[in-house]
Amino acid sequence: MSGPCHFVVFGALGHLVTTKLLPALYHLELVGRLDEPLSFVAFARRDWDTERWRVHVNNALAEQYGAHLDVAAARRFIQRFEYVKGDYTDPAAFQHLLARINTPQPGICENVVFYLAIPPDHFVDVVRRLDDAGLNSVVGQHRIVVEKPFGTDLVSARELNAELRRHYEEEQVYRIDHYLGKETVQNLLVFRFANSVIEPLWNRHYIDHVQITVAEESGIGGRASYFDRSGTLRDMVQNHLLQLLTLVAMEAPASLDADALRDEKVKVLRSIRQITVDSLNDVALRAQYEAGEVNGAVVSAYRDEPGVADNSNTESYVAIKFHIDNWRWRGVPFYLRSGKRLAARHTMVAIRFRDPPHQLFCDTPCENMEPNWLVFAIQPEESIRFELYAREPGLSMTPRLLRIDTNYRAEHEQPLNAYATLLMDVIEGDRSLFIRFDEVEMAWQVIEPVLRHWSQTSERLYSYAPGSWGPKEARALFEKPYQSWRNQP
Ligand code: BG6
């Protein structure tokens, strides 16, 4: 974005801003990427002023970076901020914001980013008030950044989009899925499309199935009021897991241009076989965690979490199988699962290759030969692991499993907060890592039959022990007896 710019953050005192946005923006300051005359406006309800807010930013950064905080960069960063106190429903607060943006020299602001880090119930209010107050008519370019969840189902997503589009063009809307900001997620694209040896293997002839796991050790924390209305299918599968699936399954785009990339992702979503009510119990499974122990700590059952209804049917775990009906993937199941209070925090994409067509070594001492796997560990481990066979040293012709492992990052390379890349892209106007509305729409369509069915019945809600890998019933999704969940990268 050229020219001076105001970056307005709504919900500035929320957890997301404190833990993710502020550190990411500070990182951009540190590495010299905020050299434009960029100023931030923090908008929140608390009765604070700019000085108080700046102390808060300083404390938040000090807590996160400790002795590693670069004091000069932090000072520069903090000076960019102003604070505007306001309620999302109060037109006067938006007038106040307008005045802040237009002073001290009216007209100096050429570009504005509005970042909605607020509960989704307030999206529409804020968007309308921005327009009513004339904030969309300030000269220059405007961008609006919307956090997930984008709607709670297909209908509400379309309504929200229609409202946004009344005020902004699609090119101005930046829908965030922070998984696309993760370096190891972006690496899926580079690994697939920067290596010519991968492409010939990347299809139904060589791949038996794909597993995508996003496992979390933590429970729902203090987010019951959101999570209990959402559940894992909406919270994780509709966005993060389906995004990972599109990156694994998409065709090579003609360029890295935002639309070329997103066109290919949408094609994948469109090719996912519609889940029918008849097939539903065979392809999707939900569960809640019971009470138990995780790492020596006693934890409550999902239904006993503060704020969760005693009879809640909301799932804290989902396993779901998709088929992609196109030439590349016909007959290759994609098994996805995600859950809270599982045995470990692991996000990974695991590709299981087909067995060799003829088992030459079946009479050797190497019994139960494992298949070849290619595993992308996305977090917390960041690696690419290829499991192949090679001859074991010794007198006999025995194959031995060889793990070709590479850490994604060298020791001196620091991980980036996923938001750093995304915020940079917002400022620079690169939309490739943001979700276009047809992607959102298709992702809701893909899960809609399951959402609808689960909301109408309490049947088949399984349970699992905290600290386990989920309900044992999740095994039933596999199509072949030799297939099973891979729990470790
Ligand atoms: C969020 C979900 O989008 O992603 C949370 O709302 C989840 O429930 C989180 O815990 C996981 O993100 P990450 O980056 O920690 O894997």
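Residues numbered from 1 in each chain as written. Predicted model: local features only at pLDDT ≥ 70, side-chain atom pairs only at ≥ 80, totals over all residues. Heavy atoms only, no water.

Peer 1: Would you explain empty space enclosed by the protein in this entry?
Peer 2: Gaps left between atoms are located by rolling a probe of water-molecule size over the structure's atoms. Overall, the coordinates contain 3 cavities of 30 Å³ or more when judged by the stated rule. Looking at the largest cavity, its volume works out to about 170 Å³. The wall of the largest cavity is formed by 18 residues, among which Asp 177, Gln 238, Asn 239, Ile 435 and Val 440 lie closest to the centre. Residue assignment for the lining of the largest cavity shows that the elements contributing at least two residues are helix 8 (224-249) and helix 12 (437-456). In terms of residues, the lining of the largest cavity owes the most to one element, helix 8, which gives 5 residues. (1 Å grid on protein atoms, 1.4 Å probe; cavity = no way out; pocket = protein on both sides within 12 Å on 5 of 7 lines; lining within 4 Å. Points joined across faces, edges and corners; volume = space filled by probe spheres on them. Helix = DSSP H or I, 4+ residues; strand = E, 2+ residues; numbered from the N terminus.)

Peer 1: Please clarify how the pairing of strand 13 (residues 346-353) should be interpreted in this entry.
Peer 2: The element strand 13 is largely enclosed, with a buried count of 8 among its 8 residues. Side chains of strand 13 alternate between two faces, with His 346, Met 348, Ala 350 and Arg 352 and Thr 347, Val 349, Ile 351 and Phe 353 buried alike. The sheet contact formed by strand 13 and strand 14 (residues 373-379) spans 6 bridges and is antiparallel. Paired with Arg 352 across the bridge in strand 14 is Trp 373. (Buried < 20%, exposed > 50% of the residue type's maximum accessible area, 1.4 Å probe, protein only. Pairing = 2+ DSSP bridges.)

Peer 1: What is the right way to look at the packing of helix 4 (residues 91-102) against helix 5 (residues 123-132) in this model?
Peer 2: Angle between the axes and distance between the axes are the two parameters that describe a pair of packed helices. For the pair helix 4 and helix 5, the least separation of the axes is 9 Å and the interaxial angle reads 55 degrees. Judged on the interaxial angle alone, helix 5 and helix 4 are oblique. For the pair helix 4 and helix 5, the crossing hand works out as right-handed. Taking contact as the criterion, the partners of Pro 91, Phe 94 and Leu 97 in helix 4 are, on helix 5, Val 126, Arg 129 and Leu 130. (Axes fitted to C-alpha atoms, helices over the stretch in contact; angles between N-to-C directions. Parallel < 35°, antiparallel > 145°, perpendicular 65-115°, else oblique. Left-handed = near helix turned anticlockwise from the far one by under 90°. Contact = heavy atoms within 4.5 Å.)

Peer 1: Help me understand helix 2 (residues 50-65), please; the structure alone is not making it clear to me.
Peer 2: Along an α-helix, residues three or four positions apart point the same way, because every turn accommodates 3.6 residues. In a regular helix each residue adds 1.5 Å, so 16 residues correspond to 22 Å; helix 2 covers 22 Å between its end C-alpha atoms and thus fits that length. Here helix 2 has its buried residues at Thr 50, Trp 53, Arg 54, His 56, Val 57, Ala 60 and Leu 61. Down the axis of helix 2, the smallest arc covering the buried residues is 155 degrees, so these residues share one side. Residues of helix 2 that are exposed and angled more than 90 degrees away from the buried face: Glu 51 and Glu 63. For helix 2, the elements touching its buried residues are helix 1 (15-30), strand 2 (38-44), helix 3 (71-79), strand 3 (81-85) and helix 4. Of the residues flanking the end of helix 2, it is Gly 66, one or two places downstream, whose phi is positive at about 50 degrees. (Expected span 1.5 Å × (residues − 1). Arc of directions from axis to C-beta.)

Peer 1: Before we go on, may I ask you to explain the sheet that holds strand 6 (residues 173-175) in this structure?
Peer 2: Each strand in a sheet pairs with another by means of backbone hydrogen bonds, the pair being arranged parallel or else antiparallel. Strands sit in the order 3-2-1-4-5-6 across an open sheet of 6 strands; the sheet is parallel. Only two strands of the sheet have a single partner each, and these edge strands are strand 3 and strand 6. Taken over all neighbouring pairs, the strand axes of this sheet differ in orientation by 20 degrees on average, direction set aside. Each of strand 1 (5-10), strand 4 (111-116) and strand 5 (142-146) touches helix 5; the most contacted strand, strand 4, lies at about 160 degrees to it. Where helix 11 (residues 418-428) meets the sheet, its contacts fall on strand 1, strand 2, strand 4, strand 5 and strand 6, and the angle it forms with strand 5 comes to roughly 155 degrees.

Peer 1: Looking at this structure, I do not really get the site of the ligand. What am I missing?
Peer 2: Close to the ligand lie Lys 148, His 178, Tyr 179, Lys 182, Glu 216, Arg 223, Asp 235, Met 236, His 240, Lys 340, Arg 345 and Gln 379, which account for all nearby residues. Measuring from an oxygen atom of the ligand, one finds a side-chain N or O atom of Lys 148 at 2.7 Å. Note that an oxygen atom of the ligand is positioned 2.6 Å from one of the side-chain N or O atoms of Lys 182. Burial of the ligand by the surrounding chains reaches 82%, relative to a free accessible area of 400 Å². With 3 residues, the top contributor of residues to the shell around the ligand is helix 8. Here the shell around the ligand is built from residues that sort into 2 nonpolar, 3 polar and 7 charged. (Near = heavy atom within 4 Å. Polar contact = N/O pair within 3.5 Å; in protein donor to acceptor, adjacent residues only side chain to side chain. Areas by Shrake-Rupley, 256 points an atom, 1.4 Å probe, with all protein chains shown as cover. Nonpolar A, V, L, I, M, F, W, Y, C, P; charged D, E, K, R; others polar.)

Peer 1: Hey, could you run me through helix 7 (residues 183-193) in this one?
Peer 2: Within helix 7, 8 of the 11 residues are buried, which leaves the element mostly enclosed by the surrounding structure. Taken together, the buried residues of helix 7 touch helix 8, helix 9 (258-271), strand 13, strand 14 and strand 15 (383-391).

Peer 1: Where do I start with the layout of surface pockets in this structure?
Peer 2: Of the volumes computed, that of the second largest pocket is approximately 260 Å³. Residue lining of the second largest pocket: Gln 186, Leu 189, Val 190, Phe 193, Ala 194, Pro 253, Leu 256, Leu 261, Asp 425, Asp 430, Ser 432 and Leu 433, and that is the complete set. Ranked by residues supplied to the lining of the second largest pocket, first place goes to helix 7 with 4 residues. Tallied by class, the residues present in the lining of the second largest pocket amount to 8 nonpolar, 2 polar and 2 charged.

Peer 1: Would you explain the side chain of Thr 232 in this entry?
Peer 2: Counting through the fold element by element, Thr 232 comes out in helix 8. Note on Thr 232: relative accessible area 1%, which makes it buried. Those residues in contact with Thr 232 that lie beyond four places of it in its chain are Phe 227, Val 237, Glu 315, Ser 316, Tyr 317, Val 318 and Ser 338.

Peer 1: Could you clarify how one ought to interpret the sheet that holds strand 8 (residues 284-289) in this entry?
Peer 2: Taken in spatial order, the 9 strands of this open sheet run 16-15-14-13-7-12-11-8-17, and their pairing is mixed. Only two strands of the sheet have a single partner each, and these edge strands are strand 16 (399-407) and strand 17 (461-464). Averaged over all pairs of adjacent strands, the angle between strand axes in this sheet comes to 20 degrees, irrespective of strand direction. In terms of strand pairing, strand 15 meets strand 16 through 9 bridges, oriented antiparallel. Directly across from Glu 387, in strand 16, lies its bridge partner Arg 403. Helix 8 contacts strand 7 (207-215), strand 11 (317-322), strand 12 (334-339), strand 13 and strand 14 of the sheet and is inclined by roughly 145 degrees relative to strand 12. Lying on the sheet, helix 12 is in contact with strand 8 and strand 11; it crosses strand 8 at an angle near 55 degrees.

Limitation: the analysis is restricted to geometry and does not speak to function.
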